[in-house]
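Spelled out from the first residue to the last, the chains are:
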Amino acid sequence: MNVDPNEIQKFESLAHRWWDPDGEFRPLHDINSTRLKYIDDRAAVAGLRVLEVGCGGGILTQSLAELGAVTTGIDVASGPLKVAQLRAIETQMGEKIRYIETTAESFAEVEPESFDVVAALEMLEHVPDYRSTVWAIAKLTRPGGTVFLSTINRNAKAYVMAVLGAEYLLNLLPRGTHDYDKFIKPSELASAARDAGLLVKDISGYSYNPLTRGCKLVTNPSVNYLVYAQKP
Ligand code: SAH
């Protein structure tokens, strides 16, 4: 299975902290409106079937449902999924959101070509073989559908910002959250997407300032970046 148990353990142990906007997942809360707008500007999600791969406690899945999408979130960490489910019930979104414990590869066997939009944000740098995940994502997307991916670039600046800065200087993320070797260059991710039969339409960086908690899209994908692709 394309799962790293050490990675999953990190997310399991912090499941109860997921919805604390000032807790360990604070960066995900801070960047959420920027990435949500990026997706909605390109895919207009209201009424569409949207899948999030590696949804964790459901920050993005929940906000996509609030925009009117019929959402499914999948993850292999059961604790975060339970937290996500609870959040959906508490906010009366239970009918619009389905959470399932599975991998992209397994789910692609069960529900191929079933989603108008598939997103895998901030998760590819946590799987052993991201190319296999991208392949499964393409299979899950209906022909004509849209794919969104995001991850962290692999270069000196990304190391300083995402590992040294976030985990050691600012104590923003728990130490060991990110493994530099698993970071992915935009050219590598674009090539994985093309090999999976997707057409890459845009790559944008996003710049996150942990001090001001501001996040905005930038042209240079030097640290965090988003990929928008279509399945022909
Ligand atoms: N996408 C969410 C959560 C990011 S944290 C967001 O951006 O808000 C990364 C998530 O990926 C964790 O919940 C982790 O359990 C999940 N994950 C890691 N490897 C996975 C795999 N192989 N299959 C599915 N989910 C995985």
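About the cut-offs
- Residues numbered from 1 in each chain as written.
- Predicted model: local features only at pLDDT ≥ 70, side-chain atom pairs only at ≥ 80, totals over all residues.
- Heavy atoms only, no water.
- Near = heavy atom within 4 Å.
- Polar contact = N/O pair within 3.5 Å; in protein donor to acceptor, adjacent residues only side chain to side chain.
- Areas by Shrake-Rupley, 256 points an atom, 1.4 Å probe, with all protein chains shown as cover.
- Helix = DSSP H or I, 4+ residues; strand = E, 2+ residues; numbered from the N terminus.
- Axes fitted to C-alpha atoms, helices over the stretch in contact; angles between N-to-C directions.
- Parallel < 35°, antiparallel > 145°, perpendicular 65-115°, else oblique.
- Left-handed = near helix turned anticlockwise from the far one by under 90°.
- Contact = heavy atoms within 4.5 Å.
- Nonpolar A, V, L, I, M, F, W, Y, C, P; charged D, E, K, R; others polar.
- Pairing = 2+ DSSP bridges.
- Phe/Tyr/Trp six-rings, centres within 6.5 Å; stacked < 30°, edge-to-face > 60°.
- Lys NZ or Arg CZ within 6 Å of the ring centre and 35° of its normal.
- Salt bridge = Lys/Arg side-chain N within 4 Å of Asp/Glu carboxyl O.
- Buried < 20%, exposed > 50% of the residue type's maximum accessible area, 1.4 Å probe, protein only.

Student: Go over the site of the ligand with me, naming the residues and quoting the values.
Tutor: Not every one of the 19 residues close to the ligand is listed here, only the nearest: Arg-35, Glu-52, Gly-54, Asp-75 and Leu-121. The side chain of Glu-52 places a nitrogen or oxygen atom 2.8 Å from a nitrogen atom of the ligand. Within the side chain of Asp-75, one N or O atom sits 2.7 Å away from an oxygen atom of the ligand. Compared with its free state, where it exposes 570 Å², the ligand has 98% of that area covered by protein. Counting residues per element, the ones that place at least two in the shell around the ligand are α1 (5-13) and α2 (26-43).

Student: Talk me through the packing of helix α6 (residues 130-140) against helix α8 (residues 186-195); I want residue IDs and the actual numbers.
Tutor: In a packed pair of helices, the relevant descriptors are the angle between the two axes and the axis-to-axis distance. Where α6 meets α8, the axes come as close as 9 Å, and the angle between the chain directions of the two elements is 45 degrees. The pairing of α6 with α8 is recorded here as oblique in orientation. Note that α6 runs across α8; the crossing there is right-handed. Taken together, the residues of α8 that come into contact with α6 (itself represented by Tyr-130, Arg-131, Val-134 and Trp-135) are Glu-188, Leu-189, Ser-191, Ala-192, Ala-193 and Asp-195. Considering only residue class, the contact of α6 with α8 consists of six nonpolar, one polar and three charged.

Student: Report on the sheet that holds strand β5 (residues 141-152), specifying residues and quantitative values.
Tutor: An order of β3-β2-β1-β4-β5-β8-β6-β7 is seen for the eight strands of this open sheet, with the pairing classed as mixed. One side of each edge strand has no neighbouring strand; the edge strands of this open sheet are β3 (97-101) and β7 (214-218). Ignoring strand direction, the axes of neighbouring strands in this sheet form an average angle of 20 degrees. The pairing of β5 with strand β8 (residues 224-230) spans seven bridges and is antiparallel. Opposite Phe-148, over in β8, you have Tyr-228 as the bridge partner. In the packing of α2 onto the sheet, contacts are made with β4 (115-120), β5, β6 (199-209), β7 and β8, and the angle to β6 comes to roughly 150 degrees.

Student: Pulling in residues and values, what's your account of the packing of aromatic side chains?
Tutor: All chains considered together, the criterion is met by eight aromatic pairs. Taking 5.5 Å as the distance between ring centres and 15 degrees as the angle between the ring planes, the aromatic pair formed by Phe-148 and Tyr-228 counts as stacked. One end of the pair, Phe-148, is in strand β5; the other, Tyr-228, is in strand β8, with 80 residues separating them in the sequence. Aromatic pair Tyr-159 and Tyr-180: ring centres 5.4 Å apart, planes at 85 degrees, arrangement edge-to-face. Here Tyr-159, found in helix α7 (residues 156-169), pairs with Tyr-180, found in the loop between α7 and α8; they are 21 residues apart in sequence, far enough to count as distant. Grouped by ring-pair contacts, the aromatic residues Phe-11, Trp-18 and Phe-25 constitute a single cluster. Positioned above the aromatic ring of Tyr-38 is the side chain of Arg-42, whose terminal nitrogen or guanidinium carbon lies 3.7 Å from the ring centre. A cation over an aromatic ring shows up here: Arg-87 above the ring of Trp-19, its NZ or CZ 3.9 Å from the ring centre.

Student: Got a sec to walk through the environment of Ala-65? Specific residues and values, please.
Tutor: Locating Ala-65 in the fold gives a position in helix α3 (residues 59-66). Excluding residues that lie within four positions of it along the chain, Ala-65 makes contacts with Thr-71, Met-93, Lys-96 and Ile-97.

Student: Could you give an account of the pattern of salt bridges, naming the residues involved and the relevant values?
Tutor: Evaluation of the coordinates by the stated rule reveals 17 salt bridges. Residue Glu-7 pairs with Lys-10 through a salt bridge whose shortest N-O separation is 3.4 Å. Taken together, the residues Glu-7 and Lys-10, both in helix α1 and three residues apart, mark about one turn of the helix. For Glu-7, a relative accessible area of 3% corresponds to the buried category. Close ionic contact of Glu-122 with Arg-35 constitutes a salt bridge, the shortest N to O distance being 3.3 Å. One end of the pair, Glu-122, is in the loop between β4 and α6; the other, Arg-35, is in helix α2, with 87 residues separating them in the sequence. With relative accessibility at 3%, the residue Arg-35 sits in the buried group. In this structure, a network of salt bridges that share partners links the residues Asp-4, Glu-7, Lys-10 and Lys-182.

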